[in-house]
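Survey of secondary and tertiary structure
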Amino acid sequence: MNDIDDGLMPLQVFTTAASLLELVDKKVTLSLRNGRTLFGVLRSFDSYGNLVVQETVERIYLEGKYAEADRGVLIIRGENLALLGEIDLAKEEELEAKHAGLEKIDFDQASDEFAKRDEKLKEDFLEKEQIRLQAGLFSNLVADHPYRF
Amino acid sequence: MLPLSLLNAAQGLPLMLELKSRETINGYMLACDTFMNLTLRDVVCTSADGKEFKKMDEMFVRGTGIRYVRVPENLLDQIVDERAVKREERRRKAGQ
């Protein structure tokens, strides 16, 4: 992963935000804490995990459907980021082939459906939480908490 | 170009921001600080469901409430180009 092997420093020196250094100018996928997914080119970052992403596309995947919207250049506040990964350009074609099998729908419509699904997750969680509390148990935040709220 | 310096460079330009509360805000940025707090001018604020719009002359946004900021597409390329030109100038001066 790290190209910087001068024999003086151990490999994998960068563990926190600096580990993004090798992803700069690469195509990446981002998952935000609200459950949204973005694709774009990582241009810069800082120690807070704030990012600059160029040519950003937001995609929503639903069952058998997907939608996308251009988002241009974004400055993403680091605390909203759940996950960031490099896209393997060799495998991107496969991804596009998969898209061909999905129906492309209007973004606003997908956004509404996504919000509804989110709401359902929230209700399910609160219901389970209620059962646990009634049984005198601690809440199981780690296993069931849909991170988005 | 650090994220916050890009934001700084966007002063006076139109921005679109999404807050954690899912509201979106469109307006011209007057100023920003290192906390990402912003003051905006000629603002249109769209509610989370996208159905209500509020117009405001001026607005202050606390940085902690921001999810992301969308800056004009050409700004980033423009700054990168400007920096390249400056670097070239400096190199030429150093060579003299």
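So, how was this worked out
Residues numbered from 1 in each chain as written. Chains lettered and ligands numbered in written order. Predicted model: local features only at pLDDT ≥ 70, side-chain atom pairs only at ≥ 80, totals over all residues. Heavy atoms only, no water. UniProt positions renumbered as here; feature names shortened; annotations may be inferred. 1 Å grid on protein atoms, 1.4 Å probe; cavity = no way out; pocket = protein on both sides within 12 Å on 5 of 7 lines; lining within 4 Å. Points joined across faces, edges and corners; volume = space filled by probe spheres on them. Helix = DSSP H or I, 4+ residues; strand = E, 2+ residues; numbered from the N terminus. Nonpolar A, V, L, I, M, F, W, Y, C, P; charged D, E, K, R; others polar. Domains from an automatic or database assignment. Contact = heavy atoms within 4.5 Å. Buried < 20%, exposed > 50% of the residue type's maximum accessible area, 1.4 Å probe, protein only. Salt bridge = Lys/Arg side-chain N within 4 Å of Asp/Glu carboxyl O. Buried area = accessible area lost by both parts, 1.4 Å probe. Polar contact = N/O pair within 3.5 Å; in protein donor to acceptor, adjacent residues only side chain to side chain.

Per an unreviewed UniProt entry, chain B carries the name LSM complex subunit LSM4 and comes from Wickerhamiella sorbophila. Under the heading Subcellular location (unreviewed entry), UniProt records this for chain B: "Nucleus".

An unreviewed UniProt entry lists chain A under the name U6 snRNA-associated Sm-like protein LSm1, with Wickerhamiella sorbophila as the source organism. Word for word, the UniProt comment on chain A under Subunit (unreviewed entry) is "Component of the heptameric LSM1-LSM7 complex that forms a seven-membered ring structure with a donut shape." Heading Function (unreviewed entry) of the UniProt record for chain A holds this comment: "Component of the cytoplasmic LSM1-LSM7 complex which is involved in mRNA degradation."

Its boundaries defined by the atoms lining it, the largest pocket holds a volume of some 640 Å³. For the largest pocket, the lining is made up of 24 residues, of which Arg36 and Ser111 of chain A together with Glu18, Arg22 and Ala48 of chain B are closest to its centre. The set of elements that each furnish at least two residues to the lining of the largest pocket consists of α2 (107–134) of chain A together with β1 (14–19), β2 (24–32) and β5 (66–71) of chain B. With five residues, α2 of chain A is the single largest residue contributor to the lining of the largest pocket. Its residues placed into classes, the lining of the largest pocket shows seven nonpolar, seven polar and 10 charged. Of the residues that make up the lining of the largest pocket, three or more belong to each of domain 1 (1–105) and domain 2 (106–149) of chain A.

Attention now moves to the side chain of Glu92 of chain A. Here Glu92 of chain A shows up in helix α1 (residues 89–100). Among all residues touching Glu92 of chain A, those that are not within four sequence positions of it are Lys27 and Ile87 of chain A.

The subject of this paragraph is unusual backbone geometry. Residue and element names in this part refer to chain B. In this structure, Met36 is a non-glycine residue whose phi angle is positive, near 75°. Note that Met36 resides in the loop between β2 and β3 (38–46). With a phi angle near 50°, Asp42 is a residue other than glycine that sits in the positive phi range. Relative to the helices and strands, Asp42 resides in strand β3. In this structure Asp42 comes out as partly exposed when scored by relative accessible area, which is 43%.

This paragraph deals with the pattern of salt bridges. Residues and elements named next belong to chain A. Here the structure, examined in full by the defined rule, presents 15 salt bridges over all chains. Between Lys104 and Glu68 there is a salt bridge; the shortest N-O distance is 3.5 Å. With Lys104 in strand β6 (residues 103–104) and Glu68 in strand β4 (residues 65–76), this residue pair connects regions lying 36 residues apart in the sequence. Residue Glu68 is classed as partly exposed on the basis of its relative accessible area of 28%. In this structure, the salt-bridge partner of Glu79 is Arg77, at a minimum N-O distance of 2.4 Å. For Arg77, a relative accessible area of 13% gives the class buried.

All names here are of chain A. Splitting chain A by domain gives domain 1 (1–105) and domain 2 (106–149). Facing the 15 residues of domain 1 at the interface are 11 residues of domain 2. Summed over both partners, the interface of domain 1 with domain 2 comes to about 1100 Å²; 61% of that surface belongs to carbon and sulfur atoms. Taken together, the links from domain 1 to domain 2 amount to one salt bridge. Between Lys65 and Glu113 there is a salt bridge whose closest N-O contact spans 3.1 Å. For the pair domain 1 and domain 2, the number of links is two residue pairs in polar contact (both at pLDDT 80 or more).

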